[in-house]
Amino acid sequence: MEDTKVAVAGVAPSDEDVLEGMLSRRFLYAQGVVGSSTYHHTFRTKTRWELVRLSLLIVGIECTYATETAFVAPILLAIGLPHTIMTMMWAMPPIVGVLFVPIVASASDRLRASWGRRRPVLLALGIAMLLGMMLLPHGRAVGEAIGLRSVAWVATLTTIGLTTTDFSAEASNGLCRTYAMEVCTIGDQARVLSTMMLIGGLGGAMGYLFGSVDWVSLPIGQYFDSNESAVFSANWLVLLVGLLSTLTSFPEIPLPVQERDALLRPVTHRMLQNELKRLRGDAHDTQTELGESIGFRQFLRNTVRMPRSMKILCATQFLSHMGYLPYCLYFTDFVASAVYGGDSQAPKNSAELARYDEGIRFACFGMALFAAGASLYSLVIERLIERLGARPVYVGGLMAHCVGMLAMGLFHHRAVVLLCCCLTGIMYATMYSIPFLLISHYHSKNSFAMVDGKCVECTEPRGFGADVSMMSSVLCLAQLIVSLVIGALIDAAGTTTVIIVAACGCSLLAACSAMTVLYMDL
């Protein structure tokens with residue numbers, strides 16, 4: 001039974017009073033129980049600095065994405081691959097992701113380690129990311145060292161590094177958000193997501209700015225084989241610091257401890273609703289107060305029998321990624337070839353190759369503005385949701401990217417490119433915050449449908465971590481389709497402008513889909 005604030009003059013306590021009472025009792029209990037004093041932080045409000053430290057892994061992940069998207073296409077083209085084959089190399093990470101990201105998330109939901117459910121998995125994925133980042137820019141050097149000098153072998157080694165890095169980053173992205181929301185109070189969950197978007201955007205901007213620097217011309221450049229090697233090394237250090245910071249920020253309450261002691265379970269919206277029902281004398285389900293840890297068979301069943309609201313949300317996220325990925329993966333090549341008129345396979349020291357390299361650096365600067373725009377927008381998105389509601393903010397964010405891509409496709413001008421990058425930042429902040437807030441909202445109410453304006457309670461268990469991982473899975477599926485199709489479209493059209501046209505069309509469809517998402521008064 002919960003100790004809540006006593007009603008004054010017969011007036012029932014508010015939801016906030018009840019929540020404060022639940023958190024206060026658990027905080028004091030965790031401080032007093034031997035062996036659980038390290039868990040009391042779960043039941044208090046975090047400072048902004050604590051949220052930043054908790055989110056630093058996202059900085060490393062976003063920096064990694066930035067370096068990947070800026071340099072993988074030029075690296076593969078420089079090996080000697082045509083556009084069609086180069087884009088297909090991007091298909092390997094999503095194939096692995098679609099198959100294994102849900103399995104990783106489901107296993108994390110059930111992990112009974114003393115270090116918690118999320119952090120051991122994040123550590124393993126972080127090490128894999130670091131190893132992949134070491135291999136990616138050095139595929140040719142590694143191939144020569146082991147006697148595999150052909151274009152096919154160099155491309156294979158580079159793709160192994162790309163697949164390892166990209167898969168680990170995608171799996172870590174969702175798990176890091178899950179971990180952060182689980183160690184935060186209900187009131188801090190929106191704050192930590194907005195913090196992740198803010199500093200994640202700064203991480204992306206940092207990665208792109210690394211790419212905009214001509215490292216070879218600097219004194220430090222003598223220690224690196226190439227400009228790409230210097231950029232990846234700087235990224236490697238950022239990722240390492242972010243990984244260590246997040247993993248040492250707050251201990252998780254292990255699953256066996258939560259099963260043994262009800263007062264050491266994080267307070268969820270569902271538990272709050274049960275307590276409110278108890279105070280009103282209504283029947284409540286105490287069995288649902290422990291977060292669901294579903295098995296793999298149940299996960300597959302949940303995927304096949306997904307509620308309509310989750311299907312629409314996944315479809316919207318899929319279309320959002322279909323609109324974002326053509327820009328993200330091939331933007332540097334588009335700017336270098338279409339805007340600057342360069343050629344990645346031109347002879348060394350030629351004017352065409354020099355223009356291509358200059359275009360790559362300019363594109364990196366543009367994508368740094370994109371990341372900075374995402375960070376700045378994340379500062380106000382929470383207030384916009386409170387004032388306008390989630391629906392117009394979600395739809396408006398997706399339409400911003402659509403308008404930006406349309407303008408960039410029509411006008412190949414540098415100023416237009418920079419402006420459109422900022423608009424894409426708005427879309428990026430939107431699709432990496434609102435869908436996760438909605439999933440948290442669904443699970444907190446244990447409801448995925450509404451009838452006559454009232455939430456319908458879900459009777460089938462669904463893992464929170466597994467549902468969050470579905471957002472990563474649809475990203476992998478979108479990346480797979482883009483990788484297999486875009487190269488052929490570029491070759492057929494004879495211009496990289498087709499990249500921008502595809503991004504515009506998919507973003508428009510995503511905005512239409514977002515109109516039908518279930519928001520539950522969010």
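Quick notes on the rules
Residues numbered from 1 in each chain as written. Predicted model: local features only at pLDDT ≥ 70, side-chain atom pairs only at ≥ 80, totals over all residues. Heavy atoms only, no water. UniProt positions renumbered as here; feature names shortened; annotations may be inferred. Helix = DSSP H or I, 4+ residues; strand = E, 2+ residues; numbered from the N terminus. Buried < 20%, exposed > 50% of the residue type's maximum accessible area, 1.4 Å probe, protein only. Contact = heavy atoms within 4.5 Å. Domains from an automatic or database assignment. Buried area = accessible area lost by both parts, 1.4 Å probe. Expected span 1.5 Å × (residues − 1). Salt bridge = Lys/Arg side-chain N within 4 Å of Asp/Glu carboxyl O. Phe/Tyr/Trp six-rings, centres within 6.5 Å; stacked < 30°, edge-to-face > 60°. Lys NZ or Arg CZ within 6 Å of the ring centre and 35° of its normal.

Going by the annotation in an unreviewed UniProt entry, the name recorded for the protein chain is Sucrose transport protein, with Anopheles sinensis given as the source organism. Heading Subcellular location (unreviewed entry) of the UniProt record for the protein chain holds this comment: "Membrane".

You can see His321 is positioned in helix α13 (residues 308–339). You can call His321 buried: its relative accessible area is 1%. Discounting chain neighbours no more than four positions away, the residues touching His321 are Pro326, Met431, Tyr432, Met471, Val474, Leu475 and Ala478.

The next point concerns the domain arrangement of the protein chain. Each assigned domain of the protein chain is listed with its residue range as follows: domain 1 (41–274) and domain 2 (295–521). Of note, the centres of domain 1 and domain 2, computed from C-alpha atoms alone, are 18 Å apart. Facing the 57 residues of domain 1 at the interface are 56 residues of domain 2. Between domain 1 and domain 2, a total of about 4,700 Å² is buried, with carbon and sulfur atoms accounting for 66% of that surface.

Turning our attention to the environment of Ser229. You can see Ser229 is positioned in helix α9 (residues 227–247). Put simply, Ser229 and Met134 are 95 residues apart on the chain and 8.9 Å apart in space, counted from C-alpha to C-alpha. Residue contacts for Ser229: discarding those within four places in its chain leaves Pro137, His138 and Phe224.

This part takes up helix α11 (residues 269–280). Taking 1.5 Å as the rise per residue, α11 with 12 residues should run 16 Å; its terminal C-alpha atoms sit 17 Å apart, in good agreement. Listed as buried for α11 are Arg270, Met271, Leu272, Asn274, Glu275 and Leu276. Turning to α11, the residues buried within the fold contact α1 (15–32) and α17 (434–445). Following α11 by one or two positions, Gly281 has its phi on the positive side, about 85 degrees.

Moving on, we come to the pattern of salt bridges. Counting across every chain of the model gives 7 salt bridges. A salt bridge links Arg44 to Glu50; the nearest nitrogen and oxygen atoms lie 2.8 Å apart. In this structure Glu50 comes out as buried when scored by relative accessible area, which is 18%. Measuring nitrogen to oxygen at the nearest pair gives 4.0 Å for the salt bridge that ties Glu252 to Arg119. Placement of Glu252 in the loop between α9 and α10 (255–260) and of Arg119 in helix α5 (residues 119–135) is noted, with a sequence separation of 133 residues between them. A single network of salt bridges, built from pairs that share partners, joins Asp109, Arg117, Arg118 and Glu182.

What follows covers the packing of aromatic side chains. Within the structure shown, the criterion is met by 12 aromatic pairs. Considering the side-chain rings of Tyr324 and Phe370, the 6.0 Å spacing of their centres and the 35 degrees angle between planes classify their relative orientation as tilted. A residue pair is termed long-range when its members are at least 10 positions apart, and Tyr324 in helix α13 and Phe370 in helix α14 (residues 351–388) qualify at 46 residues. Each member of the pair, Tyr324 together with Phe370, is buried. Taken together, a centroid distance of 5.8 Å and an interplanar angle of 75 degrees make the contact between Tyr327 and Phe370 edge-to-face. With Tyr327 in helix α13 and Phe370 in helix α14, this pair connects stretches of sequence that are 43 residues apart. Among the residues examined, Tyr327 registers a relative accessible area of 0% and is labelled buried. On the basis of relative accessible area, Phe370 is assigned to the buried category, the value being 3%. Aromatic rings pair up to connect Tyr208, Tyr324, Tyr327, Phe331, Phe370, Tyr428, Tyr432 and Phe436 into one cluster. Taking NZ or CZ as reference, Lys46 lies 5.1 Å from the ring centre of Phe250, over its face.

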